[in-house]
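Here is how the chains run, residue by residue.
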Amino acid sequence: MKKETILILITGIFFSCSTLKRIQPNDNKKINNVNSLKAINGDYKLNQNEHCGGMSLDAAFDFKTEFNCINKPDSTHFMRLTTLDEKRIKAELFQGNKLLEEKTLRGKLRKNYFIINASLKFPLFYGVFNVYRSRKTRIGVLPNGNLTIDNDTGGCGMLVIFPLICSGNDSYGVKYKKITKHIINYEYKK
């Protein structure tokens, strides 16, 4: 019985893990050091398209601000990315000149991409229901300066240690348009 329990647990976790497809040859700008990573610096639109259902840039970076079919970002919302060093990018979510949220994205450079480290979370809810979640994201810069993002998430809900439900979601080659205007002064919205 002990072996079967461990097998069920391991199977659930492995089938819910996030794994990005192998990097294919691409036309992305060459990113292999901190100077070339600065090509990511700039302001970007949140959505790759205007209709509901597209992955927004804030969701790819796991921001707490939730945009969905009802709470849609408007034309004043944008994401500012700034290279801090070879392993960190600062991401700031704005609405006009108000800073809504910010976070530091940690990752590594590999084959013209900045790959954000997988986040594994095991929060406990009342000690009975556990959630395992994994997320991996690759950021590249296209020749025209726009971003291209590959994102894969997976998760598993478990009752004590038995997987109840596992799911995943992935998207590849999602493009985000670079905005040419820059806002210098901003205030933090609480």
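For the structure, see preceding data.
Residues numbered from 1 in each chain as written. Predicted model: local features only at pLDDT ≥ 70, side-chain atom pairs only at ≥ 80, totals over all residues. Heavy atoms only, no water.

**With respect to the pairing of strand 4 (residues 98–110)**
No. 1: Of the strand pairs in this sheet, strand 3 (residues 88–95) and strand 4 are connected by eight bridges, and their pairing is antiparallel. Note on strand 4: the bridge partner recorded for Phe94 is Leu99.
No. 2: Here strand 4 pairs with strand 5 (residues 113–116) via four bridges, running antiparallel. Counterpart to Gly107 in the pairing with strand 5 is Ile116.
No. 3: Counting the residues that bridge the hairpin from strand 4 to strand 5 gives two residues, and of these Lys111 lies at a positive phi of roughly 50°. (Pairing = 2+ DSSP bridges. Helix = DSSP H or I, 4+ residues; strand = E, 2+ residues; numbered from the N terminus.)

**Topic: the nonpolar core**
No. 1: If you look at the biggest cluster of nonpolar residues, it comprises 25 residues, and the most contacted ones within it are Ile40, Leu57, Phe61, Met79, Leu81, Leu147 and Ile149.
No. 2: When contributions to this core are tallied by element, the ones reaching two or more residues are helix 3 (57–60), strand 2 (77–85), strand 3, strand 4, strand 5, strand 7 (129–141), strand 8 (147–159) and strand 9 (162–176).
No. 3: The element contributing the most residues to this core is strand 3, with three residues.
No. 4: Leaving out residues up to four positions away in the same chain, Ile149 has contacts with Met55, Leu57, Ala60, Phe61, Thr137, Arg138, Ile139, Ser171, Tyr172, Gly173, Val174 and Tyr176. (Core = buried A, V, L, I, M, F, W, Y, C linked by side-chain atoms within 4.5 Å. Buried < 20%, exposed > 50% of the residue type's maximum accessible area, 1.4 Å probe, protein only. Contact = heavy atoms within 4.5 Å.)

**Examining the pattern of salt bridges**
No. 1: A complete count under the given rule lists six salt bridges for this structure.
No. 2: Between Lys90 and Glu92 there is a salt bridge whose closest N-O contact spans 3.5 Å.
No. 3: Lys90 sits in the partly exposed class, given a relative accessible area of 25%.
No. 4: In this structure, Lys90 and Glu102 form a salt bridge, with 3.7 Å as the shortest nitrogen-oxygen distance. Here Lys90 is found in strand 3, whereas its partner Glu102 is found in strand 4, with twelve residues between them in sequence.
No. 5: The class for Glu102 is partly exposed, based on a relative accessible area of 39%. (Salt bridge = Lys/Arg side-chain N within 4 Å of Asp/Glu carboxyl O.)

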